[in-house]
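# Report on the structure
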Amino acid sequence: DYIIIGLPTVYWIIAFYVFLSKDTAVQVLQKAAGNIFSTVVLIAISYILGLITDRFSDLLFDKRKKRIKGQYLDSKNVSLAAWEKYNWSDFAKFTLSRIRILRSLIINSIFVSCTTSLLIYKFCDEGKEILIVVTILLGALSCIISNSGHINLLNNYYHKTQILGQ
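As a starting point, this report considers the structure included with it. (Residues numbered from 1 in each chain as written. Predicted model: local features only at pLDDT ≥ 70, side-chain atom pairs only at ≥ 80, totals over all residues. Heavy atoms only, no water.)

Glancing now at the overall build of the protein chain. Of the regular secondary structure elements, the protein chain holds seven helices and zero strands. Secondary structure of the protein chain in N-to-C order comes out as α-α-α-α-α-α-α. A total of 166 residues make up the protein chain; the buried ones form 36% of that total. A fraction of 82% describes how many contacts in the protein chain between residues 6 or more apart in sequence connect residues 24 or more apart. (Helix = DSSP H or I, 4+ residues; strand = E, 2+ residues; numbered from the N terminus. Buried < 20%, exposed > 50% of the residue type's maximum accessible area, 1.4 Å probe, protein only. Contact = heavy atoms within 4.5 Å.)

The following block contains the structure:
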């Protein structure tokens with residue numbers, strides 16, 4: 001999960017670096033694509049940034065999670081134990097993984113569309129306005145779809161947890 005979450009984070013950090021530096025994106029990629037070591041480092045950095053992004057997004061969406069959880073569960077603390085009782089723990093872990101990826105995608109969509117827009121502004125000569133608008137609209141669409149999916153998965157997860165806990 002963390003590598004999947006971290007790859008877009010790596011993208012927007014590199015894109016922001018390219019925007020601020022005198023290097024072009026091709027020059028940065030040529031530096032990075034020189035050997036297998038850079039690929040290993042990229043994966044390690046993606047994992048670390050994915051972990052950080054996940055923790056940040058968890059903090060950001062904690063109120064939502066508590067609100068939705070409160071709609072389905074009383075004061076009892078039902079968690080993976082209820083799912084394990086019915087041999088559904090793999091499904092629960094898979095659902096929690098999807099929840100984690102979607103909430104991080106909400107944040108990454110914003111940063112990816114913003115940094116991509118900055119790159120378009122810096123490197124495109126003609127038609128940059130329309131490209132920036134399309135990029136921002138696609139980022140907003142990704143954010144909206146991820147947000148909707150996140151809410152739906154939270155509702156489904158806690159609804160099923162409530163049913164299993166009875």
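Moving on, we get to the packing of aromatic side chains. Between two aromatic rings, the relevant description is the distance of the centres plus the angle of the planes. Counted according to the given criterion, the structure contains three aromatic pairs. Note on Trp 12 and Phe 111: the rings are 4.4 Å apart at their centroids and 20 degrees apart in plane angle, and the pair reads as stacked. Note that Trp 12 is positioned in helix H1 (residues 2–20) and Phe 111 in helix H6 (residues 89–123), a separation of 99 residues in sequence. With 5.1 Å between their ring centres and 75 degrees between their planes, Tyr 157 and Tyr 158 make a pair best called edge-to-face. Positioned over the ring face of Tyr 121 is Lys 128, at 4.7 Å from the centre of the ring. (Phe/Tyr/Trp six-rings, centres within 6.5 Å; stacked < 30°, edge-to-face > 60°. Lys NZ or Arg CZ within 6 Å of the ring centre and 35° of its normal.)

The relative placement of two packed helices is expressed as an angle between their axes plus a distance between the axes. Remark: H1 packs on helix H3 (residues 36–60), axes separated minimally by 6 Å, with the N-to-C direction vectors making an angle of 100 degrees. When the axis of H1 is compared with that of H3, the two are roughly perpendicular. On H3, the residues that touch Tyr 2, Ile 3, Ile 5, Gly 6, Leu 7, Thr 9, Val 10 and Ile 13 of H1 are Leu 42, Ile 43, Ile 45, Ser 46, Tyr 47, Leu 49, Gly 50, Leu 51, Thr 53, Asp 54 and Arg 55. (Axes fitted to C-alpha atoms, helices over the stretch in contact; angles between N-to-C directions. Parallel < 35°, antiparallel > 145°, perpendicular 65-115°, else oblique.)

Ile 68, Tyr 72, Ala 92, Ile 99, Leu 102, Leu 153, Leu 154, Tyr 157 and Tyr 158 form the largest nonpolar core, which has nine residues in total. Here this core gets four residues from one element, more than from any other, and that element is helix H7 (residues 128–165). (Core = buried A, V, L, I, M, F, W, Y, C linked by side-chain atoms within 4.5 Å.)

This part covers the packing of H3 against H6. Packing of H3 against H6 brings their axes to within 9 Å, and their N-to-C directions diverge by 90 degrees. The orientation of H3 relative to H6 falls into the category roughly perpendicular. When H3 is examined against H6, the residues Thr 53, Asp 54, Phe 56, Ser 57, Asp 58 and Leu 60 are found in contact with a partner set consisting of Arg 100, Arg 103, Ser 104, Ile 107 and Asn 108. Classifying every residue of the contact of H3 with H6 gives three nonpolar, four polar and four charged. (Nonpolar A, V, L, I, M, F, W, Y, C, P; charged D, E, K, R; others polar.)

On to the pattern of salt bridges, then. On inspection of all chains with the given rule, the structure shows six salt bridges. Two residues, Arg 103 and Asp 58, come together in a salt bridge whose shortest N-O distance is 3.5 Å. In this pair, Arg 103 is assigned in helix H6 and Asp 58 in helix H3, connecting sequence segments 45 residues apart. Shared partners join several salt bridges into a network, and the residues in it are Asp 54, Arg 55, Asp 58 and Arg 103. (Salt bridge = Lys/Arg side-chain N within 4 Å of Asp/Glu carboxyl O.)

Once that is clear, we can look at the side chain of Ser 57. Following the sequence through the fold, Ser 57 ends up in helix H3. Judged by its relative accessible area of 0%, Ser 57 falls in the buried class. In contact with Ser 57, not counting residues within four places along its chain, are Arg 103, Ser 104 and Ile 107.

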